[in-house]
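Residues per chain, in single letters:
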Amino acid sequence: MKKRQLGSCVTFFPQPTTLIASCDDEGQCNLMTASWAGIVSKTPPTMAISLNQSRKTYENIVQSGCFSVNMVPASLAVEADFCGLKSGRDLDKSEVTGLCFEKAIHIDAPLVQSCPLNVECRCIGEYPLGDYRLIMGEILEIHAADEAFGGDGKMDARIFDPLVYLGGIREYWNLGEKVAQAYQDGLKLTPRK
């Protein structure tokens, strides 16, 4: 496969689209779209998000010590894009988009009701990266849509329909079809003795 060099950049790497929900000291909730989010540890369960330190969401997390990460389904691409374009200092994004909140169990930040997967996080540290801050959040609870689970308890990932952001071309995509079973199909390549 012939390849071209793109230099030092963050272009083209597929990223999950998430809505980060937070509240300020007065209880005003804010939403921000973030694609720099992911699981960084299993033990302890930890997520990391990277935010510009000038953002209202960053200010809220510093004040409150918590946030929620809400996985955006493909059906909410327009609403998520809007939440990444406007500042919570200027308007109430949930009011404009029609996105509703529900109460979390362990934190003061809300969950986005129409997102099929919500993660409650308590801030446990941050790392400076230029104008950005890598914020570590201990996962306190995960909320997953009931309809994603069949009678046998197995999860149907198609229900989540996660939205993926491709920064280099500034496009949103959904995932498509399952192509392999993790921790199982790769075993087919194990050399036989």
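Residues numbered from 1 in each chain as written. Predicted model: local features only at pLDDT ≥ 70, side-chain atom pairs only at ≥ 80, totals over all residues. Heavy atoms only, no water.

Q: What is the right way to look at the side chain of Ser 68 in this model?
A: If you trace the backbone, Ser 68 turns up in strand β6 (residues 66–71). Using a relative accessible area of 0% as the deciding quantity, one classes Ser 68 as buried. At 3.0 Å, the side chain of Ser 68 forms a polar contact with the side chain of Asn 70. A distance of 2.5 Å separates the side chain of Ser 68 from the backbone oxygen of Pro 110, its partner in a polar contact. The residues contacting Ser 68, other than those within four sequence positions of it, are Leu 19, Ile 20, Ala 21, Ile 107, Ala 109, Pro 110, Leu 111 and Val 119. (Helix = DSSP H or I, 4+ residues; strand = E, 2+ residues; numbered from the N terminus. Buried < 20%, exposed > 50% of the residue type's maximum accessible area, 1.4 Å probe, protein only. Polar contact = N/O pair within 3.5 Å; in protein donor to acceptor, adjacent residues only side chain to side chain. Contact = heavy atoms within 4.5 Å.)

Q: Just checking my understanding: could you explain the pattern of salt bridges for this structure?
A: Pairs may arise between side chains of opposite charge once their charged atoms sit close together. Applying the stated criterion across every chain yields a total of 7 salt bridges. Here Arg 89 makes a salt bridge to Glu 59, at a shortest N to O gap of 2.9 Å. Here the residue Arg 89 occupies a position in the loop between α2 (77–85) and α3 (93–97), and Glu 59 occupies one in helix α1 (residues 56–64), the gap between them amounting to 30 residues. Note on Glu 59: relative accessible area 31%, which makes it partly exposed. Across the salt bridge formed by Glu 138 and Arg 122, the nearest N and O atoms sit 2.1 Å from each other. Linking Glu 138 in strand β10 (residues 132–144) with Arg 122 in strand β9 (residues 117–129), this pair joins segments that are 16 residues apart in sequence. Note on Glu 138: relative accessible area 21%, which makes it partly exposed. Three or more residues joined by partner-sharing salt bridges are found here, namely Asp 24, Lys 56, Glu 59 and Arg 89. (Salt bridge = Lys/Arg side-chain N within 4 Å of Asp/Glu carboxyl O.)

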